[in-house]
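Fold and contact review
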Amino acid sequence: MPVSIVIGSQWGDEGKGKITDLMSPDYDVVARYQGGANAGHTIVWEDEDGEDEEFVLHLVPSGIFHENVTCVIGNGVVLDPKAVLDEIDKIQSLGIDVEERLKISHNAHLIMPYHKAVEAAQEEERASASDDDAIGTTGRGIGPAYTDKFARSGIRVVDLLDRDVLRQKLRRSIEEKNAILQDIYDAEALDVDRIVEEYVEFDQQIDSYVTDTSKYLCNALDDGAHVLAEGAQGSLLDVDFGSYPYVTSSHPTAGGCCTGLGVPPTEVEQVLGIAKAYCTRVGNGPFPTELDNEAGEQLRQKGGEFGATTGRPRRCGWLDLVALRYTNMINGFNDLAITKLDILSGMEEVKVCTQYKYDGKKTRRFPSEAQTLERVEPVYQTFPGWEKDVTDVRRFHQLPAEAKDYLAFISEYLGTSVGMVSNGPRRDQIITDVEVPATA
């Protein structure tokens, strides 16, 4: 299994960080292939005193807590130098070596202060027109950084290594962005000289991590290494396949792995989809199964559904199998990992969306265009809930019959086997002997 990919199969926040952390000891390299510091991958482990330790990763791959794993930030990531250096410092404060085990692509594009300023101005203008027009971004400059990348005016990590080139590119970019901020958004101009000096300083701090990561990964694969690739957001936020325009600016789907790391698709042997036992979404955009009621609030409070990066409350709803079937189709999942099954314990009944009703007709097609998705009505199948707290369950046969039936229905509907079930945030809260084969 040279390359395996961990894919978020919903709107993000599925628990990809935990699953990647669990799988990491079986791999030589863990590589992040897209997104920026808008992602939050939460890792929880038990310390020597039996207390839970928690760390939220935003840019460094989720394998960093395993000492024999090399971590790679690929060219598909947009990198905030200050954010990654702060994260490195926090990880090292735990006594974990980072410098010898982290590699950053020289071709990754940089997030600049003007990207954050432009994004804030854009969101403010959208919101002033209508709350429905705002995308609901994290304000970390991700979208504008990708805009510059594809407009061929971005600044890459490699530009930090040549001060003359960096100064020239920064001055030109900042002057252009200042014109936009002042003339279009009536916002304050940025200090060109201050930003130039700040980013020249970043060069000295980040230089030891920078390498040609595509060459490194391909050489490692030639030598027989196993690589685990992780994305940042969920498939339904993919810029091409998600609920556009309420999406991220990159490709968290499986295809993004190859372009975001520079590895050939022929090396990919496993695609693991991660899905919550229910659904959540952060930010604006259509969400067919959203629950604006007591059940939704119960899921939010019991599941701790607040953004790991922003702290924003997540919108909560029942599991949407129409959407999951769609992301299964575009990613080609070999297996599924179902997370947060424990959160459903204690609910009198559990519902699953199996079809949409649109213009009076039922369909299993997922319409990624927002204007259609906003108009669909979910058609539910209802299952009996279970009272048993399943957080201490470690074997599949110990789960309540109702929970096993629920998992079996998901597998049968999708035609994809469920390979593992997470029933709590800690590493040990996992069930891997799942007896739910695909039957469709």
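The structure this text deals with has already been given above.
Described in the following lines is the structure provided in the data block.

Thresholds applied
- Residues numbered from 1 in each chain as written.
- Predicted model: local features only at pLDDT ≥ 70, side-chain atom pairs only at ≥ 80, totals over all residues.
- Heavy atoms only, no water.
- Helix = DSSP H or I, 4+ residues; strand = E, 2+ residues; numbered from the N terminus.
- Rg over C-alpha atoms; globule rule 2.2 N^0.38 Å.
- Buried < 20%, exposed > 50% of the residue type's maximum accessible area, 1.4 Å probe, protein only.
- Contact = heavy atoms within 4.5 Å.
- Core = buried A, V, L, I, M, F, W, Y, C linked by side-chain atoms within 4.5 Å.
- Axes fitted to C-alpha atoms, helices over the stretch in contact; angles between N-to-C directions.
- Left-handed = near helix turned anticlockwise from the far one by under 90°.
- Nonpolar A, V, L, I, M, F, W, Y, C, P; charged D, E, K, R; others polar.
- Pairing = 2+ DSSP bridges.
- Patch = residues over 30% accessible without salt bridge, like charges linked within 9 Å, V, L, I, M, F, W, Y side chains within 5 Å.
- Areas by Shrake-Rupley, 256 points an atom, 1.4 Å probe, with all protein chains shown as cover.
- Salt bridge = Lys/Arg side-chain N within 4 Å of Asp/Glu carboxyl O.
- Lys, Arg positive; Asp, Glu negative; His and termini not counted.
- Charge placed at Lys NZ, Arg CZ, Asp CG, Glu CD.
- Disulfide = S-S within 2.5 Å.
- Phe/Tyr/Trp six-rings, centres within 6.5 Å; stacked < 30°, edge-to-face > 60°.
- Lys NZ or Arg CZ within 6 Å of the ring centre and 35° of its normal.
- Polar contact = N/O pair within 3.5 Å; in protein donor to acceptor, adjacent residues only side chain to side chain.

**Brief notes about the overall build of the protein**
A count of helical and extended segments in the protein gives twelve helices and 20 strands. Taking 22 Å as the expected radius of gyration for a compact globule of 440 residues, we find that the protein reaches 22 Å, a close match to that expectation. Judged by the C-alpha coordinates and their principal axes, the protein covers about 65 × 50 × 45 Å. For the protein, the proportion of its 440 residues judged to be buried stands at 55%. A separation of at least 24 residues holds for 76% of the contacts in the protein among residues at least 6 apart in sequence.

**Here's the deal with the environment of Val247**
Looking at where Val247 falls in the secondary structure, it is placed in the loop between strand E10 (227–234) and helix H8 (255–261). Along the primary structure Val247 and Gly285 are separated by 38 residues, whereas in three dimensions their C-alpha atoms are 8.3 Å apart.

**Let's talk about the nonpolar core**
Ile5, Leu341, Leu344, Leu399 and Tyr406 are the most contacted members of the largest nonpolar core, which has 67 residues in total. Broken down by element, the residue count for this core peaks at seven residues, all from helix H12 (residues 401–414). Once you skip the residues sitting within four places of it in the chain, Leu341 turns out to touch Ala277, Trp386, Val390, Leu399, Ala403, Tyr406, Leu407, Val421 and Ser422. Counting residues in hydrophobic clusters, the runner-up holds 56 residues, among them Ile88, Ile91, Ile155 and Val157.

**Here we look at the packing of helix H2 (residues 81–92) against helix H6 (residues 192–206)**
In contact at an axis separation of 11 Å, H2 and H6 are set at 35° when each is read in the N-to-C sense. Crossing handedness for the pair H2 and H6: left-handed. Two secondary-structure elements touch here, H2 through Pro81, Lys82, Val84 and Leu85 and H6 through Tyr199, Phe202, Gln205 and Ile206. The residue inventory of the contact of H2 with H6, partitioned by class, reads six nonpolar, one polar and one charged.

**Comments concerning the side chain of Asp21**
Along the chain, the position of Asp21 falls in helix H1 (residues 16–23). Under the relative-accessibility criterion, Asp21 is labelled buried at 1%. The contacts of Asp21, once residues within four sequence positions are left out, are Ile43, Ser62, Phe65, His66 and Arg427.

**Focus on the side chain of His109**
Position of His109 among the secondary structure elements: in strand E8 (residues 109–110). Not counting residues up to four positions away in its chain, the partners in contact with His109 are Asn75, Val77, Val78, Leu79, Lys149, Gly154, Ile155 and Arg156.

**Observations concerning the sheet that holds strand E11 (residues 268–276)**
The strand order E9-E7-E5-E2-E10-E1-E11-E15-E19-E20 describes an open sheet built from ten strands, whose pairing is mixed. At either end of the open sheet lies a strand with only one pairing partner, and these are strand E9 (210–211) and strand E20 (430–431).

**Examining the pairing of strand E16 (residues 349–358)**
Of the strand pairs in this sheet, strand E14 (residues 319–320) and E16 are connected by two bridges, and their pairing is parallel. Looking at the pairing, Asp320 lines up with Cys353 of E16. Judged from the eight bridges that link them, E16 and strand E18 (residues 377–384) form a sheet pairing that is antiparallel. By the bridge assignment for E18, Lys357 is matched with Glu377. The sheet contact formed by E16 and strand E17 (residues 361–363) spans three bridges and is antiparallel. Residue pairing in the sheet places Tyr356 in a bridge with Thr363 of E17. The loop that links E16 with its antiparallel partner E17 comprises two residues; one of these, Asp359, has a positive phi angle of about 50°.

**A closer look at a negative patch on the surface**
A contiguous patch of negative charge on the surface is contributed by Glu51, Asp52, Glu53 and Glu54. Residue position: Glu54 is located in strand E4 (residues 52–57).

**With respect to the state of the cysteines**
This structure, assessed with the given rule, holds zero disulfides. Counting only cysteine sulfurs, Cys257 is the nearest neighbor of Cys258, a cysteine outside any disulfide, at a range of 5.0 Å. As a non-bridged cysteine, Cys353 has Cys279 as the owner of its nearest cysteine sulfur, 8.8 Å distant. For Cys353, a relative accessible area of 0% puts it in the buried group.

**Remarks on the pattern of salt bridges**
All chains considered together, the criterion is met by 20 salt bridges. For Lys169, the salt bridge goes to Asp159, with nearest N and O atoms at 3.3 Å. One end of the pair, Lys169, is in helix H5 (residues 163–183); the other, Asp159, is in the loop between helix H4 (142–150) and H5, and ten residues separate them in sequence. A salt bridge links Lys276 to Glu305; its shortest N-O distance comes to 2.8 Å. Taken as a pair, Lys276 in strand E11 and Glu305 in the loop between helix H9 (294–303) and strand E13 (315–317) lie far apart in primary sequence, 29 residues in all. Exposure remark for Lys276: the relative accessible area of 1% places this residue in the buried category. Residues joined by salt bridges that share partners form a network here, namely Asp13, Lys276, Glu305, Arg314 and Lys340.

**Quick word on the packing of aromatic side chains**
For the structure on display, the rule yields nine aromatic pairs. Between Tyr356 and Phe366 the ring centres are 6.4 Å apart and the planes differ by 50°, which places this aromatic pair in the tilted class. Taken as a pair, Tyr356 in strand E16 and Phe366 in the loop between E17 and helix H11 (370–373) lie far apart in primary sequence, ten residues in all. Across the pair, exposure class does not vary: Tyr356 and Phe366 are buried alike. Three or more aromatic residues joined by ring pairs form one cluster here, namely Phe383, Trp386, Tyr406, Phe409 and Tyr413. Over the face of the ring belonging to Tyr216 we find Lys103, whose NZ or CZ atom lies 5.1 Å from the ring centre. When the ring centre of Tyr413 is taken as reference, the NZ or CZ atom of Arg364 above it lies at 4.8 Å.

**As for the environment of Asp28**
Position of Asp28 relative to the elements: it lies in the loop between H1 and strand E2 (29–32). Take Asp28: its relative accessible area is 37%, and that puts it in the partly exposed class. In the structure, Asp28 is positioned 193 residues away from Leu221 in sequence and 9.8 Å away in space, judged by C-alpha atoms. Setting aside chain neighbours within four positions, we find Asp28 in contact with Asn68, Val69, Thr70, Gly224, Ala225 and His226. Looking at Asp28, its side chain comes within polar contact range of the main-chain nitrogen of His226, at 2.8 Å.

Coordinates in, geometry out; function isn't part of it.
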